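Residue-level structure breakdown
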Amino acid sequence: MYTGYELLWLFFSASFLGWVLETASAALSRRKFTNRGIVNAPFCIIYGVALTVITVFCQELQGFWLFAECMILATVIEWVAGHMIERMYHERWWDYSNDIGNINGRISIAYSVAWGVIGLVFNEKIHPFIESKLDKAKNKMSYEDQKIIVLILPIAILTDFILSSVKYLTRL
């Protein structure tokens, strides 16, 4: 069982790592820097949501079953996020229409498999590393300092989301 503090750190760590992965991938394919976060801050929220959900619900799984559950959960989250983004922003931020086995261009077999691999690697390698670093940090910080940090990060994301949305809406 995870505390709210641990879940928030997990969410922000996964969101940041997702942003790094997405931005590096876009930079390699486009040969220039492209911010791939939902907002201006260096966070890709879908990774934070997906990997936090996977970590909470797949704690007991290993190997193939962990891969399969990661693939299913993250694909459902990606499908829902695609719909939400289209409703909120009237845009498609990804389109898998040219991929084999896609559903309305929002999800595809190839990206579902990629999500399975990402979830597997995150749960088996990256999350334990992050958890050990957070445990060390918690032991060095007062409870009040921890609360301040945990409050600042969501406020920063929310502020960035609001400012990004206002900026987007004024372009219409």
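For the structure, see preceding data.
First, a word on what this report is: a plain description of the structure on this page. Every value quoted in this text rests on a predicted model; they were computed, and no experiment measured them. (Residues numbered from 1 in each chain as written. Predicted model: local features only at pLDDT ≥ 70, side-chain atom pairs only at ≥ 80, totals over all residues. Heavy atoms only, no water.)

This part covers the environment of methionine 71. Take methionine 71: it is sitting in helix H3 (residues 63–89). By relative accessible area, which is 23% here, methionine 71 ends up partly exposed. The spatial distance from the C-alpha of methionine 71 to the C-alpha of leucine 51 is 11 Å, given a sequence separation of 20 residues. Setting aside chain neighbours within four positions, we find methionine 71 in contact with Ser112, Val113 and Gly116. (Helix = DSSP H or I, 4+ residues; strand = E, 2+ residues; numbered from the N terminus. Buried < 20%, exposed > 50% of the residue type's maximum accessible area, 1.4 Å probe, protein only. Contact = heavy atoms within 4.5 Å.)

Summed over all chains, the structure comprises 5 salt bridges. A salt bridge links glutamate 86 to arginine 92; its shortest N-O distance comes to 3.0 Å. Between aspartate 95 and arginine 92 there is a salt bridge, and its shortest N-O distance comes to 3.4 Å. Accessibility expressed as a relative area gives 36% for arginine 92, which makes it partly exposed. Via salt bridges that share partners, Glu86, Arg92, Asp95 and Arg106 belong to a single interconnected network. (Salt bridge = Lys/Arg side-chain N within 4 Å of Asp/Glu carboxyl O.)

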